[in-house]
Amino acid sequence: MSIEDNIRKVTPYVPGEQPVGKVIKLNTNENPYPPAREVGEAIRNMNMENLRLYPDPECMSLRKALADRFDYDPENIFVGVGSDDVLSIAFLTFFNSDKPILFPDITYSFYSVWADVYNIPYERIHVDENLHIKKEDYYRENGGIIITNPNAPTAIGESPKFIEDILKHNKDSVVIVDEAYVDFGCESVVDLIDKYKNLVVVQTFSKSRSMAGMRIGYAIADKNLIKVMSDVKFSINSYTMNQPALQAGIASVQNEEYFRDCIDKIISTREYTKERLESMGFTSTDSKTNFLFVTHKDIKAEYIFEELKKRKIYVRYFNLPRINNYLRITVGTREDMDVLIENLEDICNL
Ligand SMILES: *Cc1c(COP(=O)(O)O)cnc(C)c1O
């Protein structure tokens, strides 16, 4: 017997690099625009004396703001420290079967990490040769399902009808839909939570709301599901959300116009960049996200990744089966993308 025998060993999730110094950072799908001005004001206007007090463990003010926006009750909303926290609690709460949970082989790589750390059996279901999820593959016994829509890193979005078909065939297990990128051109299934009591929709402030540094995510679901998630949370850490995060979150949710403006700019830059890359010999999936998933007809993705890095442009490369000749490129400002395009033209010898 040694200490080693008692230690839980896991292979952790590896986030994209956060380089120091000046680079063009297109590797972790952050928003290139700052959060709404009101977000900064809300933090500056806080009474700092109140920081001596614990925050509201129920996070009621932020849940109310989100409930108003989505036209549900606060009891339909769970908030956490980024959607990674929310998803992790959801895995722990809902995936306790001996049957495997199902998710695509190409998707957010955190899912298998949580399944491993919580000892949840899982099966990765192959996406088709065009990287599309095949919904029929999810019409079978399982311990739960998690689908990212639009999917990452493929950027492909599916319709609410597609998700509803999966829900219809899985009334006995919880289906989590991770909508981290839904605001960039896909339709949410949040309207289906009354009809499907087994649906959990998870969204985040990190991408479309420009607040990755603030760490806010949330789940929207039937009140019974939110209640059990909350019970699990209160069994681990009562005070997950700090006071500035609650205030900043409320200010962001209440500013729909700025939010829409940023999204419109990103979508138009995305389509511009996609066209330019295609004229250079890249092919791209039909992105409904704030990133492009591209492959070049002649030049290896890994080579392009390394060359861009030398030029202080960071994109994401996954050395994983089936996608090891693709790059995931976050949509930055129009100026960032023009620098990227110029450098790619040089690397591709055009
Ligand atoms: C970015 C991302 C998350 C996590 O975002 P948080 O910053 O933790 O809110 C979750 N799921 C997917 C698919 C993502 O891309």
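Residues numbered from 1 in each chain as written. Predicted model: local features only at pLDDT ≥ 70, side-chain atom pairs only at ≥ 80, totals over all residues. Heavy atoms only, no water.

(A) Quick peek at the sheet that holds strand β10 (residues 291-296). One open sheet holds the 3 strands; their spatial order is β9-β10-β12, and the pairing between them is antiparallel. At either end of the open sheet lies a strand with only one pairing partner, and these are β9 (282-284) and β12 (327-330). Sheet twist, expressed as the mean angle between neighbouring strand axes with direction ignored, is 40°. Pairing geometry for β9 and β10, over 3 bridges, is antiparallel. (Pairing = 2+ DSSP bridges. Helix = DSSP H or I, 4+ residues; strand = E, 2+ residues; numbered from the N terminus. Axes fitted to C-alpha atoms, helices over the stretch in contact; angles between N-to-C directions.)

(B) Up close: the nonpolar core. Leu62, Leu66 and Leu199 are the most contacted members of the largest nonpolar core, which totals 51 residues. Here this core spans two domains, and each of domain 1 (3-34 + 257-349) and domain 2 (37-255) adds at least three residues to it. In contact with Leu199, other than residues within four places in its own chain, are Leu167, Val175, Val177, Val189, Leu192, Ile193, Ile220, Ala221, Asp222 and Leu225. Counting residues in each nonpolar core, the second largest holds 28 residues, with Val86, Leu87, Phe103 and Met229 among its members. (Core = buried A, V, L, I, M, F, W, Y, C linked by side-chain atoms within 4.5 Å. Buried < 20%, exposed > 50% of the residue type's maximum accessible area, 1.4 Å probe, protein only. Domains from an automatic or database assignment. Contact = heavy atoms within 4.5 Å.)

(C) Quick peek at the site of the ligand. If you check the shell around the ligand, you find 13 residues, and the closest are Ser83, Tyr181, Thr204, Ser206 and Lys207. One of the side-chain N or O atoms of Tyr181 is found 2.6 Å from an oxygen atom in the ligand. Measuring from an oxygen atom of the ligand, one finds a side-chain N or O atom of Lys207 at 2.9 Å. If the ligand stood free it would expose 390 Å²; the protein chains cover 93% of that surface. (Near = heavy atom within 4 Å. Polar contact = N/O pair within 3.5 Å; in protein donor to acceptor, adjacent residues only side chain to side chain. Areas by Shrake-Rupley, 256 points an atom, 1.4 Å probe, with all protein chains shown as cover.)

(D) Just helix α7 (residues 243-253), in detail. Here α7 lies mainly inside the structure; 9 of its 11 residues are buried. When we look at burial in α7, the residues that qualify are Gln243, Ala245, Leu246, Ala248, Gly249, Ile250, Ala251, Ser252 and Val253. Contacts made by the buried residues of α7 are with α1 (37-44), α2 (60-70) and α8 (256-278). At the N-terminal end of α7, a side-chain oxygen is found 2.8 Å from the backbone nitrogen of Ala245, two or three residues along, and the residue is Asn242.

(E) Layout of the environment of Gly281. As for its position among the elements, Gly281 is in the loop between α8 and β9. Sequence separation between Gly281 and Glu4 is 277 residues, and the spatial gap between their C-alpha atoms is 51 Å.

(F) Region of the structure containing the pattern of salt bridges. The final tally for this structure, using the stated rule, is 27 salt bridges. For Lys134, the salt bridge goes to Asp137, with nearest N and O atoms at 3.7 Å. In this structure Lys134 comes out as partly exposed when scored by relative accessible area, which is 35%. The salt bridge partner of Arg311 is Asp346, with a shortest N-O separation of 2.8 Å. (Salt bridge = Lys/Arg side-chain N within 4 Å of Asp/Glu carboxyl O.)

(G) Geometry of the domain arrangement of the protein chain. Segmenting the protein chain into domains produces domain 1 (3-34 + 257-349) and domain 2 (37-255). Distance from the C-alpha centre of domain 1 to the C-alpha centre of domain 2: 24 Å. Taken residue by residue, the interface counts 32 residues in domain 1 and 34 residues in domain 2. Interface of domain 1 and domain 2: buried area, both sides summed, is about 2600 Å²; carbon and sulfur atoms make up 62% of it. On the surface where domain 1 and domain 2 come into contact, there are 1 salt bridge. (Buried area = accessible area lost by both parts, 1.4 Å probe.)

(H) Expanded view of the packing of aromatic side chains. Applying the stated criterion across every chain yields a total of 18 aromatic pairs. Seen in terms of ring centroids, Phe110 and Trp114 are 4.1 Å apart; in terms of plane orientation they differ by 5°. Their pairing is stacked. A residue pair is termed a helical-turn pair when its members lie 3 or 4 positions apart in one helix, as Phe110 and Trp114 do in helix α4 (residues 110-117) at 4 residues. Phe110 gets classed as buried once you look at its relative accessible area, which sits at 16%. Judged by relative accessible area, Trp114 falls into the buried class, the value being 5%. Among the aromatic residues, those joined into a cluster by ring pairs are Tyr13, Phe91, Phe95, Phe103, Tyr108, Phe110, Tyr111, Trp114 and Tyr122. One Lys or Arg, Arg69, reaches over the ring of Phe70 and ends 4.9 Å from the middle of that ring. (Phe/Tyr/Trp six-rings, centres within 6.5 Å; stacked < 30°, edge-to-face > 60°. Lys NZ or Arg CZ within 6 Å of the ring centre and 35° of its normal.)

(I) Up close: the packing of helix α9 (residues 301-310) against helix α10 (residues 334-347). Two numbers describe how α9 lies on α10: the axes approach to 11 Å, and their chain directions differ by 120°. It follows that α9 is oblique to α10 by the angle criterion. α10 is crossed by α9, and the crossing has right-handed handedness. For the pair α9 and α10, the contacting residues are Tyr303, Ile304, Glu307 and Leu308 in the first and Leu340, Asn343, Leu344 and Ile347 in the second. Of the residues assigned to the contact of α9 with α10, the class counts are 6 nonpolar, 1 polar and 1 charged. (Parallel < 35°, antiparallel > 145°, perpendicular 65-115°, else oblique. Left-handed = near helix turned anticlockwise from the far one by under 90°. Nonpolar A, V, L, I, M, F, W, Y, C, P; charged D, E, K, R; others polar.)

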